[in-house]
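Below are the chains, spelled out letter by letter.
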Amino acid sequence: MPDKEQITVQVGGRRLRLSSLDKVLFPATETTKGEVLNYYAHVAAVLLPVIEERPLTRIRWPHGVNDMSFFEKNLPSGAPSWLERVTIQGYGSRGGGDSVTYPMVDDLGALTYLVNLNSIELHVPQWRVSSDGKPVNPDRLVIDLDPGSPAGLHECAKVALLVRDRLADEGYSSVPVTSGSKGMQLYSALDGSRSSDDVREWTKGIAQELTKQMPGDVVWKMTKSLRPGKVLLDWSQNVAAKTTIAPYSLRGRDRPTVAAPRTWDEVEEGAQERDALRQLDMDEVLDRVAEHGDLFAHQLT
């Protein structure tokens, strides 16, 4: 049967057919697909610079976040010819020789097309693609702070301040992003002179160093038995084949939370008071963007 909720819109000069706008994607908050599309349309001005020129991996929830989901790296079947794409070899999930043709999202039309396919989460690597379609050295690093229960954002905030100061010792400023899930990420801008392997080893060294300094609070190994009550400094997100949730992307959790750029004042408060820092939802993030602009770009210098 034809989709009675289907509408045709003009987005960024593209004619798009949007469907099932009343479908509930987040049952706990009754957030619909139309509201998700609206969020991405309004946050696109600050999101697109984060993901442009990078191969985009999506996590799709066809029937909402309480149902099945799947990672999708390849260009979706039936993708329009105008959707930019790039074929990358050797950067798959296993780092093998297989080639993957990814979508590239540089405009609102492409973003809307993919979100209409119930792509709730957007993940990107820390490197861009050159004009000839080849991966180049990363232009940013990321350290993922992943708390092992019962640790949470309070513990992540305390560790984030240590990582911030450690990066500052080498002349790098950093941006905190609460992940929209359990923890947070820290990003720093790079000049492109280091390879992904170099960045991986550098951040691994920082994680090992901080683990030695605070063995009761920090862990650098992925071993699950070592992680309860500690914060994992996940340096491995800098591996060329890996991707990280993009700042400003929604998360497929019970509530429509967002990987939200934060200020260091907020993190410092969160390190002092246990309940001062929490994950933000999409309405809160849109309000923050309207009030403060692009906190990610402003701090990523």
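Provided above is the structure to which this section pertains.
Calculation notes
- Residues numbered from 1 in each chain as written.
- Predicted model: local features only at pLDDT ≥ 70, side-chain atom pairs only at ≥ 80, totals over all residues.
- Heavy atoms only, no water.
- Pairing = 2+ DSSP bridges.
- Helix = DSSP H or I, 4+ residues; strand = E, 2+ residues; numbered from the N terminus.
- Core = buried A, V, L, I, M, F, W, Y, C linked by side-chain atoms within 4.5 Å.
- Buried < 20%, exposed > 50% of the residue type's maximum accessible area, 1.4 Å probe, protein only.
- Contact = heavy atoms within 4.5 Å.
- Axes fitted to C-alpha atoms, helices over the stretch in contact; angles between N-to-C directions.
- Parallel < 35°, antiparallel > 145°, perpendicular 65-115°, else oblique.
- Left-handed = near helix turned anticlockwise from the far one by under 90°.
- Nonpolar A, V, L, I, M, F, W, Y, C, P; charged D, E, K, R; others polar.

Undergrad: What is the right way to read the sheet that holds strand 9 (residues 119–124) from this model?
TA: Strand pairing in a sheet is mediated by backbone hydrogen bonds. Such pairs are either parallel or antiparallel. If you trace the four strands from one edge of the open sheet to the other, you get 6-5-9-15, paired in antiparallel fashion. Bordering the open sheet on either side are strand 6 (70–72) and strand 15 (244–245), each of which pairs with just one other strand. Across three bridges, the pairing between strand 5 (residues 57–60) and strand 6 is antiparallel. Residue pairing for strand 6: Ile 59 is matched across the bridge by Phe 71.

Undergrad: Mind showing me how you'd approach the nonpolar core here?
TA: If you look at soluble globular proteins, the nonpolar side chains tend to sit buried side by side. Judged by nonpolar contacts, the single largest core of 49 residues is most densely connected at Tyr 39, Tyr 40, Leu 47, Ile 51, Leu 111 and Tyr 248. Those elements that place two or more of their residues in this core are strand 2 (14–18), strand 3 (24–26), helix 1 (33–51), helix 2 (108–115), strand 9, strand 11 (175–178) and helix 6 (282–292). Here this core takes 11 residues from helix 1, the largest share from any one element. Residues in contact with Tyr 40, not counting those within four places in the same chain, are Leu 47, Leu 108, Leu 111, Val 115, Ser 119, Ile 120, Leu 122, Tyr 248, Ser 249 and Leu 250. Membership of the second largest hydrophobic core comes to 28 residues, among which are Ile 143, Leu 167, Trp 264 and Ala 271.

Undergrad: Could you clarify how one ought to interpret the environment of Thr 301 in this entry?
TA: Tracing the sequence through the fold places Thr 301 in the segment after helix 7 (295–299). If we ignore the near neighbours within four places in the chain, the residues touching Thr 301 are Ser 173 and Ala 189.

Undergrad: What is the right way to read unusual backbone geometry from this model?
TA: Note: most peptide bonds trans; most residues except glycine with negative phi. Cis peptide bonds are those with omega within 30 degrees of zero, and the linkage from Ser 149 to Pro 150 qualifies with 10°. Here Pro 150 is to be found in the loop between strand 10 (140–147) and helix 3 (153–169). Look at Glu 53: it is not a glycine, yet its phi comes out positive at around 65°. Considering the arrangement of structural elements, one finds Glu 53 in the loop between helix 1 and strand 5. Notably, Asn 118 is not glycine yet its phi reads approximately 65°, a positive angle. Relative to the assigned elements, Asn 118 resides in the loop between helix 2 and strand 9. With relative accessibility at 9%, the residue Asn 118 sits in the buried group.

Undergrad: Is there a simple way to explain the pairing of strand 1 (residues 7–11) in this structure?
TA: When strand 1 meets strand 2, the two strands line up antiparallel, connected through five bridges. Bridging from a neighbouring strand, Val 11 pairs with Arg 14 of strand 2. The hairpin formed by strand 1 and strand 2 contains two residues between the paired strands, and Gly 12 there has a positive phi angle of roughly 55°.

Undergrad: Explain the packing of helix 1 against helix 6 here, please?
TA: Angle between the axes and distance between the axes: these two values describe a pair of packed helices. Following both chains from N to C, one finds helix 1 and helix 6 inclined at 30°, their axes separated by 10 Å at the closest point. Regarding the angle of helix 1 to helix 6, the classification is roughly parallel. Two packed elements cross with a definite hand, and for helix 1 against helix 6 that hand is left-handed. On the side of helix 1, the interface is formed by Glu 35, Tyr 39, His 42, Val 43 and Val 46, while helix 6 contributes Met 282, Val 285, Leu 286 and Val 289. Tallied by class, the residues present in the contact of helix 1 with helix 6 amount to seven nonpolar, one polar and one charged.

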